[in-house]
Amino acid sequence: MSAIVLSTLNARFIHSSLGLRYLLANLGELRAETTLAEFIITDRPAEVAEKLLALNPRILGLGVYIWNVEETTRLVALLKAVRPELVVVLGGPEVSHEWEDQPIVRLADYIVGGPGELVFPRLCRDILDGTPPTGRFIRAEPPDLRELELPYACYDERDIAHRLIYVEASRGCPFKCEFCLSALDRTAWPFEPERFLAAMDGLYRRGARHFKFVDRTFNLNIGTSLRILEFFRDKADPALFLHFEVIPDHLPDRLKEALARFAPGALQLEIGVQSFDPEVQARISRRQDNAGTEANLRWLRRHTHAHLHVDLIAGLPGETLEGFARGFDRLIALDPHEIQVGILKRLRGAPIDRHTRSCGMRYNPYPPYNVVRTDVLDFAALQRLNRFARYWDLVGNSGRFKRVRPVLLGERPFARFQAFSDWLYARTGKTHEIALDRLYDFVFEFLTGECAEDEDSVRWAVAADYMSSGTKRSPRCLLDGRTAESPRRVENAGSRRQMRHGRD
């Protein structure tokens with residue numbers, strides 16, 4: 001039995017909640033009476049409620065995010081129906097702003113807005129002592145990081161063996177990009193490096209090898225960044241994997257040199273470009289040196305083994321389809337490993353809302369609050385972009401179409417892939433549940449039928465991609481109607497043709 005239970009619905013089992021572990025680490029004497037219980041959004045609400053109530057808590061703290069608010073609302077409604085006296089405390093970015101009219105807030109007892117590590121323990125003590133606060137909403141200001149207990153001992157052995165380990169060397173962001181909640185921060189502030197690195201050493205000694213840094217700007221303080229990189233590089237561990245989010249136009253030479261020393265498979269860099277349009281950047285208060293961004297991406301691709309995951313946002317205020325297309329083509333030319341095409345979302349509290357009237361922005365009223373219309377993109381255009389993003393993940397980002405992708409993109413990557421996206425949707429009527437073997441066939445059919453590409457060349461590229469994909473079902477396009485060749489024979493024949501033409 002636990003006086004307090006901390007819980008949330010993660011998007012996937014592999015995810016873990018850093019926020020809940022911060023709360024647990026800072027509960028002081030109440031920590032011994034607290035249980036951490038994580039679930040995923042596909043779990044049935046009744047089963048989650050049953051497991052939570054079996055712990056017989058007096059207080060339930062729930063982390064609420066854009067990806068789980070609808071499921072969590074159903075969970076809270078059920079819990080309150082079964083056990084009305086259970087005190088439900090909500091926290092997280094989804095309920096920290098514009099909270100008054102949210103259904104989940106009406107169901108709960110208390111809401112902690114902002115970082116709750118120091119506020120939540122006081123609230124729990126007051127409730128358990130019989131002196132609860134009179135107000136329902138409790139605003140938490142950013143704490144002095146020196147006062148916080150670090151949460152990393154709260155990752156247990158199961159977490160280390162099976163889940164992503166999220167860590168942070170700093171909080172906040174000095175930039176004011178209006179689509180992001182970090183625009184509300186006054187600045188960025190670091191954890192004390194020696195203390196942080198000692199905690200990382202503890203995780204490493206316990207077996208952690210995958211570290212996902214959630215810092216908004218890992219390379220803001222180059223001195224600290226170098227210390228962290230050197231700490232991990234000194235491990236010389238081939239199983240090590242590090243994920244950092246970096247500012248694209250701020251890579252001084254000494255940081256480049258440190259990144260270049262990591263082995264293949266050790267680094268993933270998430271790089272937010274978002275837009276190459278200077279007018280759009282200025283409109284959303286984003287400072288970015290586009291020429292410097294291009295130069296750094298090109299350097300990282302050529303001189304490091306880092307996996308480059310680059311973000312673009314469609315639907316930003318005032319950005320036309322043509323402008324987004326130019327940015328996409330510009331990024332394709334830099335050849336990052338992944339381009340994450342995201343559709344703008346209006347996060348609660350984010351300053352992007354100031355453009356709602358002037359730029360004709362209209363958003364989905366339900367999560368994920370994606371933009372559905374602007375003054376330069378109508379609903380149909382944004383629906384096309386949503387399908388573009390989904391199909392791009394399946395084909396462009398999956399790594400299963402390495403040889404076919406250049407043929408598919410041609411000389412005008414965005415236009416060509418948009419045409420494929422429109423064609424594929426017209427052909428299938430769906431964006432999910434497309435089997436991989438059928439997807440290879442669709443790509444083959446589009447390229448040879450709609451684009452009049454050479455059948456033998458496309459078949460070779462598809463065969464080579466298929467053989468390296470590991471899928472067991474053979475695409476029909478690889479089976480010659482006259483000779484019933486196997487995919488491997490098609491691949492071998494294609495390889496011989498390629499060698500004759502000197503293209504290896």
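Described in the following lines is the structure provided in the data block. (Residues numbered from 1 in each chain as written. Predicted model: local features only at pLDDT ≥ 70, side-chain atom pairs only at ≥ 80, totals over all residues. Heavy atoms only, no water.)

## Brief notes about the nonpolar core
So, step 1. Within the largest apolar cluster, 115 residues are counted, with the highest numbers of intra-cluster contacts made by Tyr152, Phe196, Met200, Leu203, Phe211, Phe213 and Phe244.
So, step 2. The residues touching Met200, leaving out its near neighbours within four places in the chain, are Tyr152, Val167, Phe211, Phe231 and Phe232.
So, step 3. With 25 residues, the next largest nonpolar core counts Leu52, Leu75, Leu86 and Val88 among its residues. (Core = buried A, V, L, I, M, F, W, Y, C linked by side-chain atoms within 4.5 Å. Buried < 20%, exposed > 50% of the residue type's maximum accessible area, 1.4 Å probe, protein only. Contact = heavy atoms within 4.5 Å.)

## Some details on the sheet that holds strand 14 (residues 338-343)
So, step 1. Spatial strand order, 7-10-11-12-13-14: six strands in an open sheet with parallel pairing. Unpaired on one side and paired on the other, strand 7 (165-167) and strand 14 mark the two borders of the sheet. Along the sheet, successive strands turn relative to each other by an average axial angle of 25°, direction set aside.
So, step 2. Direction of pairing for strand 7 relative to strand 10 (residues 210-213): parallel, over a ladder of three bridges. Across the sheet, residue Val167 finds its bridge partner in strand 10, namely Phe213.
So, step 3. Contacts from helix 11 (residues 290-303) reach strand 12 (267-274) and strand 13 (307-314) within the one sheet, and its direction differs from that of strand 12 by about 160°. (Pairing = 2+ DSSP bridges. Helix = DSSP H or I, 4+ residues; strand = E, 2+ residues; numbered from the N terminus. Axes fitted to C-alpha atoms, helices over the stretch in contact; angles between N-to-C directions.)

## Some words on helix 13 (residues 379-395)
So, step 1. Its 17 residues give helix 13 an end-to-end C-alpha distance of 24 Å, which sits within 8% of 24 Å, the value for a rise of 1.5 Å per residue.
So, step 2. Restricting attention to buried positions, one finds in helix 13 the residues Ala381, Leu382, Leu385, Arg387, Phe388, Ala389, Tyr391, Trp392 and Val395. (Expected span 1.5 Å × (residues − 1).)

## Thoughts on the sheet that holds strand 2 (residues 34-40)
So, step 1. Judged by pairing direction, the sheet is parallel, and its six strands sit side by side in the order 2-1-3-4-5-6 without closing on themselves. A strand with exactly one partner marks an edge of an open sheet, and here the two such strands are strand 2 and strand 6 (137-139). Averaged over all pairs of adjacent strands, the angle between their axes in this sheet comes to 20°, without regard to strand direction.
So, step 2. Sheet topology note: the strand 1 (residues 4-10)/strand 3 (residues 59-63) ladder contains five bridges and is parallel. Across the sheet, the residue bridging to Ile4 is Ile59, located in strand 3.

## Re the pairing of strand 10
So, step 1. Of the two faces of strand 10, only the one carrying Phe211 and Phe213 is buried; His210 and Lys212 on the other face are not.
So, step 2. Note: strand 10 against strand 11 (residues 241-246), three bridges, orientation parallel. Looking across to strand 11, one finds that Phe211 is bridged to Leu242.
So, step 3. Once the chain exits strand 10 it traverses helix 8 (residues 222-233) before rejoining the sheet at strand 11, and the crossover so formed is right-handed. (Right-handed = clockwise from strand over helix to strand, strands pointing away.)

## Observations regarding the packing of helix 9 (residues 253-260) against helix 11
So, step 1. Closest axis-to-axis distance for the helix 9/helix 11 pair is 10 Å, and the angle between their directions is 30°. When the interaxial angle is binned, helix 9 and helix 11 end up roughly parallel. Here helix 9 and helix 11 pass one another in a crossing that is right-handed. Between helix 9, through Lys256, Leu259 and Ala260, and helix 11, the contact on the second element is made entirely by Asn296, Trp299, Leu300 and His303.
So, step 2. Of the residues that constitute the contact of helix 9 with helix 11, the class distribution is four nonpolar, two polar and one charged. (Parallel < 35°, antiparallel > 145°, perpendicular 65-115°, else oblique. Left-handed = near helix turned anticlockwise from the far one by under 90°. Nonpolar A, V, L, I, M, F, W, Y, C, P; charged D, E, K, R; others polar.)

## Describing helix 5 (residues 119-128)
So, step 1. Within the span of helix 5, buried status applies to Val119, Phe120, Pro121, Leu123, Cys124 and Ile127.
So, step 2. On its buried face, helix 5 sits against strand 1, helix 1 (18-25), strand 3, strand 4 (87-91), strand 5 (110-113) and strand 6.
So, step 3. Positioned one or two residues after helix 5, Gly130 has a phi angle of 80°, which is positive.

## Considerations on the pattern of salt bridges
So, step 1. Within the structure shown, the criterion is met by 30 salt bridges.
So, step 2. The salt bridge partner of Arg416 is Glu453, with a shortest N-O separation of 2.9 Å. With Arg416 in helix 15 (residues 413-428) and Glu453 in the loop between helix 16 (436-450) and helix 17 (455-469), this pair connects stretches of sequence that are 37 residues apart.
So, step 3. On the basis of relative accessibility, which here comes to 28%, the residue Glu453 falls in the partly exposed class. (Salt bridge = Lys/Arg side-chain N within 4 Å of Asp/Glu carboxyl O.)

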